[in-house]
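# An overview of the molecular structure
The residues making up each chain are set out below.
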Amino acid sequence: MAGGDSINGNNGVSNGKAPIGGAQLEIDEDLHSRQLAVYGRETMRRLFASNILISGMQGLGAEIAKNLVLAGVKSVTLHDTGTVELWDFSGSFLFSEEDLGKNRALVSVPKLQELNNTVIISTITTELTKEQLSDFQAVVFTDISLEKAIEFDDYCHQHQPPIAFIKSEVRGLFGSVFCDFGPEFTVLDVDGEEPHTGIIASISNDNPAIVSCVDDERLEFQDGELVVFSEVLGMTELNDRKPRRIKNARPYSFTIEEDTSNYAGYERGGIVTQVKEPKVLKFKPLQQALKDPGDFLLSDFSKFDRPPLLHLAFQALDKFIVEVGRPPLAGSEEDAKKLIALLADINNSLPDGRLEEIDPKLIRSFAFGARAVLNPMAAMFGGIVGQEVVKACSGKFHPLFQFFYFDSVESLPTESVDPNDLRPLNSRYDAQISVFGSKLQKKLEDAKVFMVGSGALGCEFLKNVALMGVSCGDGGKLTITDDDVIEKSNLSRQFLFRDWNIGQAKSTVAATAASFINRRLNIEALQNRASPESESVFDDTFWENLSVVINALDNVSARLYIDQRCLYFQRALLESGTLGAKCNTQMVIPHLTENYGASRDPPEKQAPMCTLHSFPHNIHHCLTWARSEFEGLLEKTPTEVNVYLKKPSEYISAMKQAGDAQARDTLERVLECLDSDKCDTFQDCITWARLKFEDYFANRVKQLTYTFPEDAATNNGARFWSAPKRFPRPLEFSNQDLSHINFVMAGAILRAEAFGIPIPNWAKSSEKFAEAVDKVMVPDFLPKNNVRIVTDEAATSLATASMDDADVINELVMKLEACREKLAPGYKMNPIQFEKDDDTNYHMELVTGLANMRARNYSIPEVDKLKAKLIAGKIIPAIATSTAMATGLVCLELYKVIDGSHKIEDYRNTFANLALPLFSMAEPVPTKVIKYQDMSWSVWDRWILKGSPTLRELLQWLKNKGLNAYSISFGSCLLFNSMFPKHKERMDKKMVDLVKDVAKFELPPYRSHFDVVIACEDDEDNDVDIPQVSVYYE
């Protein structure tokens, strides 16, 4: 729209939250699945009806706008009266050289619109009036005077309904946020976590009543929380859904403030569920909050006294700009002194709470960078502010209350910078140079960077480093690798990709997009997975030339591999990750910090196999089982069939050689596929799917309850069906139940696909399909005696070995061979690999059907397809805001790594949760140092011996260090052991020849060394743990 236009659409909003409803609020679940996993549908609908104003379109405004457009708000209006300057290029990815002199808001629209064409983006290019603010649910100001901010905030605070007001600034390495969401703002969900639950084991008839839960999992309840009870047998008075407050919360028990003395006695069963209470926050308007700020949100406990000082520093800066007409100049001692004097005046005028001292060095740094918007700071604060807007529009998550201040002065070069070095060079990096100086800028441009991954984190990192000028000089190079391709679900947060890129290589598209942000970026995009298999690509020379490695990965195994390579080549690794609104960063710095793999999260608790197969008690169990059945029926068994048909004699020989219960089970499944369950027509597929329904949800349950009736007891006399076990009921198939029909339909269509059978058009019509299902003859079921059902929680397999396994296998082989002879030449099946993100392939329909029918058997609450996709597809919840914040924080550390002279106390690892909000920054854990005589080493050290030594020379080299080597290994091969007399014959052989001749290892042409593990002891026969030794032979 033209300048001066804005969007109307208050829509009778209350509490800053937009109304829900209307066809226009349909959610594209393919696009937003990862975001839905964080917010849920209700919050997304509120977002889709929200109108946002962003005033100030320099770097910070651009980042906030990007995050909100990706989130999918209804509209974003951009306000800016200024024009694009070269100075803006250090902070904003929206501007290019062609935009110089044009209005910032107007030139931002096309690139933002590409991110999400469902969001209405418009502009205002004239001075704002407070009346215009009434069009919006939330307004954000990134470049506004305090006087004007107070005027606008008062209007928003008093408006009916209140308009959420956010003021945020980024000044060099300093940043601030202020939030005012009105006199009374209701937070509907303070943390975004699923309500905690517990499975009840007993409830006492007492005052107060004691509730004990099974020790399956620790309870997460806190004293004072509200809970509701359901499914309690016996003491049914508690099933009234009335919230009850708990006390004395323990890991497996709590009390409720209720007299249950006269209630019926507890028998069994029952679920207790946390009730999430809304919270009302009373925000102060800006004018009042400036004088009485309350508690500041701390991010770094080593700087606990910093927020009160920065609270005054930002006020002093506003006063400076009003008086002088501009921010302080970089390198101007005069301006810095004036700012310090203004700050002192404000401090002295305070009636109480004055600061005892003002740190002049800190304020000097603040003054020098006051005009600069640095991209890493903009990215970090863009994430924080973007999330606050979401909170304001939805009531989801706890708002920032009310001030947050942050600085990263540790990012500055360790050596003091000459003021002349801060002067602008008429380059796109002038704003960054004004903070760090031109020497560090040159180092950034000449850096050789390896970025692993180009998904959500990778896209943000590429944008950041391009704006910082990293690898943009003649001596610099950025190598990025990712073996993945772009999918639709990526587009809601991987902002360098567009819908026309779907199916293309992520790294190539991302690299091209990053080159548009900064044409000087020297980037090479590869599609290799970083793994041992690609070490001919990422060889020794590649690693030895690197300045730093940036991980942008989404799995632990790849992170551990890169961590080991960085340790080996002694290269800094900047690590980060996100999970919904949470993010963490870890700096892995050679010889200073511990490595990534030094500390690990405990493994996820796995449900016992017997629970998944016979005794599920939550929907996660049902979905895990459903995914396993899908893969067994449609991928693993057809794959086994093809392996058998390709090389029958070899396959049969292998099975006979194994001769165990697993081989027997596998052969039975293959035989079923080619004999009793073989499908030749689509009607056969319908029959198979209908009989699967009967088997899974009727017959197996009838057998289970026949073997273990409802009143069954264990060997020690306790009830067999006691918590957490739930007694199941068989389902009776009905063609009037759409969920039954949909299960059979999905099963039949996928079975047909596996057998290469054409699917008729009528197959996707529920009515016609139901008619075809009615034709299926379903045999009666009679339960069997002496059926063994696994109840041992330690069992890892349902297959049970028997004495006659070998005989059964021989019989199965004969039947299998007879079946094979009847097959057409070249017959094979089509294994189906589970793909969660294609809504047309029926995979999620089948998995959801399997899980929900099983849940219905066990009276477990069912889930919709989206929730099933999140759990069964193991989808990692993800939003753009936490990704942006994580990458911004990492790039603040990148300045330190490239500078190259920072100490461990200058680095910061971060854990943040934007939902709470919580920011926790701390020094990295130092690496463990081993000392021996006058030497010391750590996990970072690798001893290097060049000149292609003999075994004798290697032993003497160690002897000179006071070490006696008694064992030398290469991989799993022993090259030398002092106990073996024959090994002394190897003394004058070159180590490289021992590796070739003894270990039979062919050294690849791209390697010039190999590694050996040496066991040593000192002269007193004490073992000494030494580093890995690299022997160079070329």
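For every chain, the first residue of the written sequence is number 1, and numbering continues from 1 along that sequence. The predicted nature of this model means local features are confined to residues of pLDDT at least 70 and side-chain atom pairs, given and counted, to a pLDDT of 80 or more, with totals for whole chains, interfaces and linings taken over all residues. The side-chain figures draw on all heavy atoms in the structure; neither hydrogens nor water molecules are used.

### Remarks on the pairing of strand β28 (residues 973–977)
Strand residues, when the strand is regular, have side chains that alternate between the two faces of the sheet. The criterion, for reference: Burial classes follow relative accessibility: with a 1.4 Å probe on protein chains only, a residue under 20% of its type's maximum area counts as buried, one over 50% as exposed, and anything between as partly exposed. The helix and strand labels rest on DSSP assignments: H or I over at least four residues marks a helix, E over at least two residues marks a strand, and numbering proceeds from the N terminus. For two strands to be treated as a pair, DSSP must find at least two bridges joining them.
Burial analysis of β28 places four of its five residues in the buried class, which makes it a mostly covered element. In this structure, strand β27 (residues 964–970) lies alongside β28, joined through four bridges in antiparallel fashion. Bridge pairing links S969 to L974 in β28. What sits between the antiparallel neighbours β27 and β28 is a turn of two residues, in which G971 has the positive phi angle 60°.

### Quick word on the side chain of R571
Inclusion rule: In this tally, Asp and Glu contribute negative charge and Lys and Arg positive charge; neither His nor the terminal groups of the chain are included. Here a salt bridge means any side-chain nitrogen of Lys or Arg lying within 4 Å of a carboxyl oxygen belonging to Asp or Glu. For the purposes of these results, a polar contact is taken to be a pair of N or O atoms within 3.5 Å, where, inside protein, one atom must be able to donate a hydrogen and its partner to accept one; residues adjacent in sequence count only when each atom of the pair is a side-chain atom. Working rule for contacts: check all heavy atoms of both residues, and any pair within 4.5 Å makes them a contact.
By the secondary structure assignment, R571 is in the loop between α15 (556–569) and β20 (572–579). Buried R571, no salt bridge; nearest opposite-charge side chain is E544, N-O distance 6.8 Å. Polar contacts involving the side chain of R571 include one to the main-chain carbonyl oxygen of L546, which spans 2.9 Å. At 3.0 Å, the side chain of R571 and the backbone oxygen of F569 are in polar contact. With residues up to four places along the chain from it excluded, the contact list for R571 reads W543, E544, N545, L546, C566, V588, P590 and W940.

### Considering the side chain of H983
Mapping H983 onto the fold places it in the loop between β28 and α28 (991–997). Residue classification places H983 among the buried residues on the basis of a relative accessible area of 8%. Residues contacting H983, with those up to four places away along its chain left out, are L951, L974, L975, F976 and N977.

### Re unusual backbone geometry
Note the cis peptide between F401 and Q402, where omega equals -10°. With respect to the helices and strands, the residue Q402 is situated in the loop between α9 (375–394) and β15 (403–407). Omega for the bond connecting A723 with P724 falls within 30 degrees of zero, at 10°, which places this linkage in the cis form. With respect to the helices and strands, P724 occurs in the loop between α20 (682–707) and α21 (738–755). Not every positive phi belongs to a glycine, and S471 is a case in point at roughly 60°. In this model, K1000 sits at a positive phi of 55°, which is unusual for a non-glycine residue. You can see K1000 is positioned in the loop between α28 and β29 (1009–1017). Using a relative accessible area of 67% as the deciding quantity, one classes K1000 as exposed.

### Some thoughts on the sheet that holds strand β17 (residues 477–481)
Filter applied, for reference: Note on method: axes are straight lines fitted to C-alpha atoms, helices fitted across the in-contact stretch only, with angles between N-to-C directions ranging 0 to 180 degrees.
Strand order in the open sheet made by the eight strands is β18-β17-β16-β19-β20-β21-β22-β23, with mixed pairing throughout. Looking at which strands have only one partner, the edges of the open sheet turn out to be β18 (523–526) and β23 (918–922). Neighbour to neighbour, the strand axes of the sheet diverge by 10° on average, direction disregarded. Relative to β17, strand β16 (residues 448–452) is paired through five bridges, and the arrangement is parallel. When the sheet's bridge partners are listed, M451 is paired in β17 with I480. α15 rests against β16, β19 (548–551), β20 and β21 (582–588) of the sheet, and its axis sits at about 165° to β20.

### Focus: the packing of aromatic side chains
The line we're drawing: Ring pairs shown here join Phe, Tyr and Trp side chains whose ring centres sit within 6.5 Å, with only the six-membered ring taken for Trp; geometry is labelled stacked below 30 degrees between planes, edge-to-face above 60, and tilted in between. In this scheme, Lys NZ or Arg CZ marks a charge over a ring once it lies within 6 Å of the ring centre and within 35 degrees of the ring normal.
This model, assessed by the stated rule, comprises 48 aromatic pairs. A centroid spacing of 5.7 Å and a plane angle of 35° characterise the contact between F314 and Y405, whose relative ring orientation is tilted. Residue F314 is located in helix α6 (residues 306–324), and its partner Y405 is located in strand β15; the two are separated by 91 residues in the primary sequence. Judged by relative accessible area, F314 falls into the buried class, the value being 6%. Ring-pair connections join several aromatic residues into one group, and the members of that group are F141, F152, F165, F174, F178, F296, F314, F366, F403 and Y405. The cationic tip of R751 hangs over the ring face of W688; the distance from NZ or CZ to the ring centre is 4.2 Å. Cation over ring: K946 sits above Y1032, and NZ or CZ is 5.3 Å from the ring centre.

### Some thoughts on the packing of helix α1 (residues 29–48) against α9
Cut-off, in case you're wondering: Roughly parallel here means an angle under 35 degrees, roughly antiparallel means over 145, roughly perpendicular means 65 to 115, and every remaining angle is called oblique. Asp, Glu, Lys and Arg are counted as charged, while Ala, Val, Leu, Ile, Met, Phe, Trp, Tyr, Cys and Pro are counted as nonpolar; the rest, among them Gly, fall into the polar class.
Where α1 meets α9, the closest approach of the two axes is 9 Å, and the angle between their N-to-C directions is 90°. The orientation of α1 relative to α9 falls into the category roughly perpendicular. Residues Y39, T43, R46 and L47 of α1 lie in contact with α9, whose contacting residues are Q387, V390, C393 and S394. Its residues assigned to classes, the contact of α1 with α9 shows four nonpolar, three polar and one charged.

### As for the confidence of the model for the protein
Going by this rule: A residue's pLDDT is the predictor's confidence in that residue, given on a scale from 0 to 100.
Of all residues in the protein, 97% have pLDDT values of 70 or greater, and the mean over the chain is 93. Note on residues 1–24: pLDDT is under 50 here. Beyond four places in sequence and across chains, it has 66 contacts.

### Some thoughts on a nonpolar patch on the surface
Spelled out, the test is: Candidate patch residues must exceed 30% relative accessible area and have no salt bridge, after which like charges are joined if within 9 Å and Val, Leu, Ile, Met, Phe, Trp or Tyr side chains if within 5 Å. Using the Shrake-Rupley algorithm and a 1.4 Å probe, accessible areas are obtained, with residue cover drawn only from the displayed protein chains.
On the surface, a nonpolar cluster with roughly 230 Å² of combined accessible area is contributed by F911, L916 and L918. Looking at the element boundaries, L916 is found in the loop between β22 (909–913) and β23.

### Some remarks on the pairing of β27
With five of seven residues buried, β27 lies mostly within the body of the structure. With five bridges joining them, β27 and β29 adopt antiparallel strand pairing. Within β29, the position partnered with S969 by the bridge is V1013.

### Here's the deal with the pattern of salt bridges
One pass over the structure, following the stated rule, counts 66 salt bridges. The residue D88 makes a salt bridge to R104 at a minimum N-O spacing of 3.0 Å. Of this pair, D88 sits in the loop between β2 (75–79) and α3 (104–115) while R104 sits in helix α3, and the two are 16 residues apart along the sequence. Residue D88 is classed as buried on the basis of its relative accessible area, which comes to 5%.

### Comments concerning the state of the cysteines
Condition: A pair of sulfur atoms, both from cysteines and within 2.5 Å, is called a disulfide here.
All told, the structure shown has zero disulfides when counted by the stated rule. Lacking any disulfide linkage, C213 is separated from the closest cysteine sulfur, that of C622, by 20 Å. Cysteine C1016 is unpaired, with the sulfur of C973 as its nearest cysteine sulfur at 18 Å. Of the residues examined, C1016 reaches a relative accessible area of 1% and is grouped as buried.

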